[in-house]
Amino acid sequence: MLPALLPFVFALLWASSYVAAKAGLADISPYAFVAIRLVIAAAAAFIMALALKRPFGPARQRWPHLLIGGALVHGLALATAHKALISVAATPTALVHAFHPIMTAALGVFLLGERFAWWQWLGVALGLVGVVLGVPHDADYSIMLLLALSLFGLTGGTLYLKKFAADVPPFAATAVQLIGGALMALVMTVFLETPHVHWTANLAAAMTWNVLFMSVGGMAIYNVMMDRYGAAKAASGFFIVPGASALIAWALIDEHLRPIALFGLAASTLGVVLVWWRPRKPV
């Protein structure tokens, strides 16, 4: 049952990270939140990789690419998303990120020579419609720019890593990527905000949850799925992230979605399913 359960566990952890970040940002500036989170996560990831005796040889050969990809996927994507979370709800942010596996797969057709079936292009269209319906239309343009930059970081970084560092074992790759993300977040903290931290029980709980259960535990689960069951099984965790995020946000911080956003949520979820669905080959 492990292959069937892991995507659901990953999706719940990923979805909960938006809600935890939303709660923690009451006591810390967003870029500082991400910088502290990634510094701790990078150290934990290295310790985990060493404890599991994972090979670092390929990572040494690809470390510049891993740092660049990590700066995009972990640094830029998370920092801009946390900045946006100050003004928008957790679920719309999760919905924008849910378009990441759709856009990554679609751009892979043009940039990496991959192939798409007709139902996958339909999934791309549905995903785009879902994001357009689900994002807050009354938000300031700066918020929309932050969400767009976050999506660019996730998608661009994933494609870059797939192109230049696909052969690096996942645990070692994640450890180096987190360093790249931490460096990016630290630069953004120094130059783009006046950082402040007010350590409270609320912030400590949010930081602990996002470091241990998402950056370390969640990414470890994602790497296990990538390593043992392939990219399609790993990406299946994104199917239910927006819905899970909406339920968690409703239960814990009393967030509610407009009816049109619920339609967007359904369309985007169906779009991800169609993009990553592969029909069984006849035996």
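This text goes with the structure placed above it.
Residues numbered from 1 in each chain as written. Predicted model: local features only at pLDDT ≥ 70, side-chain atom pairs only at ≥ 80, totals over all residues. Heavy atoms only, no water.

Trainee: Any chance you could explain the nonpolar core here in plain terms?
Mentor: Grouped burial of nonpolar side chains is what soluble globular proteins tend to show. Core analysis: the biggest nonpolar cluster contains 27 residues, and W14 and I28 have the highest contact counts within it. When residues of this core are traced back to their parent elements, those giving at least two are α1 (2–24), α2 (30–51), α5 (90–98), α10 (201–229) and α12 (241–253). (Core = buried A, V, L, I, M, F, W, Y, C linked by side-chain atoms within 4.5 Å. Buried < 20%, exposed > 50% of the residue type's maximum accessible area, 1.4 Å probe, protein only. Helix = DSSP H or I, 4+ residues; strand = E, 2+ residues; numbered from the N terminus.)

Trainee: I'm lost on a nonpolar patch on the surface in this one. Help?
Mentor: Taken together, the side chains of V39, I179, L183 and L186 make up a nonpolar region of the molecular surface, amounting to roughly 310 Å² of accessible area. No other element matches helix α9 (residues 170–192), which puts three residues into the nonpolar patch. Relative to the helices and strands, L186 resides in helix α9. According to the relative accessible area criterion, L186 is partly exposed, its value standing at 40%. (Patch = residues over 30% accessible without salt bridge, like charges linked within 9 Å, V, L, I, M, F, W, Y side chains within 5 Å. Areas by Shrake-Rupley, 256 points an atom, 1.4 Å probe, with all protein chains shown as cover. Salt bridge = Lys/Arg side-chain N within 4 Å of Asp/Glu carboxyl O.)

Trainee: Help me out: how do you make sense of the packing of aromatic side chains in this one?
Mentor: For any pair of aromatic rings, the description rests on two quantities: the centre-to-centre distance and the angle between the ring planes. Applying the stated criterion to the full structure yields three aromatic pairs. Centroid distance W118 to W119: 5.9 Å. Interplanar angle 85°. Geometry classified as edge-to-face. Under the relative-accessibility criterion, W118 is labelled exposed at 65%. With a relative accessible area of 17%, W119 lands in the buried category. On the numbers, 4.8 Å between centres and 50° between planes, the contact of Y160 with F164 is tilted. (Phe/Tyr/Trp six-rings, centres within 6.5 Å; stacked < 30°, edge-to-face > 60°.)

Trainee: Would you mind going over empty space enclosed by the protein with me for this structure?
Mentor: Here the idea is plain: a probe the size of a water molecule rolls over the atoms and shows the empty space left. Applying the stated rule across the entire model yields one cavity of 30 Å³ or more. Roughly 80 Å³ of volume is contained in the largest cavity. In terms of lining, the largest cavity is formed by ten residues, of which the most central are A45, M48, F171, T174 and V216. Top contributing element to the lining of the largest cavity by residue count: α10, with five residues. The residue inventory of the lining of the largest cavity, partitioned by class, reads seven nonpolar, three polar and no charged. (1 Å grid on protein atoms, 1.4 Å probe; cavity = no way out; pocket = protein on both sides within 12 Å on 5 of 7 lines; lining within 4 Å. Points joined across faces, edges and corners; volume = space filled by probe spheres on them. Nonpolar A, V, L, I, M, F, W, Y, C, P; charged D, E, K, R; others polar.)

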